[in-house]
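# Structure at a glance
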Amino acid sequence: AGRHQIRIAWFNRTDKAELELAYEGAGQFRRKIPDSALFRSQTDTSTGATHLVNGLDYRCCEGMWWNILPDLNHLPAVKSGVVSNFTLEVASRPEHVGLQFSGYLHVGQDADYTFHLKSDDGSRLFIGEPSLRVTTLGPAPLPAPRPIGGGASAPAPGDYQWSEVEGTVTS
């Protein structure tokens, strides 16, 4: 029970565009998440206090050559604002577009919940705090890369080496 971070990243390449999110749990059948269960942070400009209000923040990005869902965090937004729920109505155009929604989901009871996310070209649902934490310890030059391959074994534990790999990376 309580409020949990929720984020959806979605994109449409061409043709049909679709985004649906539903959940079930705590004795409730599968249903669309109601507007009343979605919140976002808002800062009061006069006092500087932050509080939660109904709605979600959204960002809209555009790109022509996306074959898979891009990391929208690294792309400039062409449009942003607030919506009451997950909707494609805020997209800047019907094709070659991505949306990112973020906020909080309030669930009233402790229970196991199942989420159902449906989209046409691609989407991801994130619930809760991100599990990956990256901390910068300070600047330092990287050691020279060492090729690995052709049966070479990885370094022994504690004997860390920098290596270089070429290929396609998706995140």
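The structure we're discussing is the one just above.
Note that the structure is a prediction, hence the values are computed from the model and not measured. (Residues numbered from 1 in each chain as written. Predicted model: local features only at pLDDT ≥ 70, side-chain atom pairs only at ≥ 80, totals over all residues. Heavy atoms only, no water.)

## Some thoughts on the pattern of salt bridges
To be explicit about the condition: When a carboxyl oxygen of Asp or Glu is within 4 Å of a side-chain nitrogen of Lys or Arg, the pair counts as a salt bridge. For helices the rule is a DSSP run of H or I covering at least 4 residues; for strands it is a run of E covering at least 2, with both sets numbered from the N terminus onward. Here the term buried applies to any residue with accessible area under 20% of the maximum for its type, exposed to any over 50%, and partly exposed to those in between, with areas from a 1.4 Å probe on protein chains only.
The final tally for this structure, using the stated rule, is 4 salt bridges. Here Glu 18 ties to Lys 118 by a salt bridge, and the two come within 3.4 Å at their closest N and O atoms. Here Glu 18, found in the loop between β1 (2–12) and β2 (19–25), pairs with Lys 118, found in strand β9 (residues 113–119); they are 100 residues apart in sequence, far enough to count as distant. Taking the shortest distance from any N to any O, the salt bridge between Glu 62 and Arg 93 comes out at 3.5 Å. Pair noted here: Glu 62 is in strand β6 (residues 56–62) and Arg 93 is in the loop between β7 (79–83) and β8 (97–107), with a separation of 31 residues, a long-range link. On the basis of relative accessible area, Glu 62 is assigned to the partly exposed category, the value being 33%. Each of Lys 16, Glu 18 and Lys 118 takes part in one network of salt bridges that share partners.

## A closer look at unusual backbone geometry
Backbone geometry follows two general trends: most residues other than glycine have a negative phi, and most peptide bonds adopt the trans configuration. One non-glycine residue, Asp 15, lies in the positive phi region at around 60 degrees. Tracing the chain through its elements places Asp 15 in the loop between β1 and β2. Residue Asp 15 is classed as exposed on the basis of its relative accessible area, which comes to 61%.

## Thoughts on the sheet that holds strand β3 (residues 28–32)
Paired through their backbone hydrogen bonds, the strands of a sheet run either parallel or antiparallel. Threshold: Two strands qualify as a pair provided that DSSP identifies no fewer than 2 bridges between them. Interaxial angle, 0 to 180 degrees, is taken between N-to-C directions of lines fitted to C-alpha atoms, where a helix line uses only the stretch in contact.
Judged by pairing direction, the sheet is antiparallel, and its 3 strands sit side by side in the order β3-β2-β9 without closing on themselves. Bordering the open sheet on either side are β3 and β9, each of which pairs with just one other strand. If you compare each strand with its neighbour and ignore which way they point, the axes differ by 15 degrees on average. Relative to β3, β2 runs antiparallel, the two sharing 3 bridges.

## A closer look at the side chain of His 116
How we decide: Polar contacts, as counted here, are pairs of nitrogen or oxygen atoms within 3.5 Å of one another; within protein the pair requires one atom able to donate a hydrogen and one able to accept it, and residues that are adjacent in sequence qualify only if both atoms are side-chain atoms. The criterion used for residue contact is that any of the two residues' heavy atoms lie within 4.5 Å.
Considering the arrangement of structural elements, one finds His 116 in strand β9. A polar contact is formed between the side chain of His 116 and the side chain of Arg 30, at a distance of 3.4 Å. Not counting the four nearest positions on each side in its chain, His 116 is found in contact with Glu 20, Leu 21, Ala 22, Glu 24 and Arg 30.

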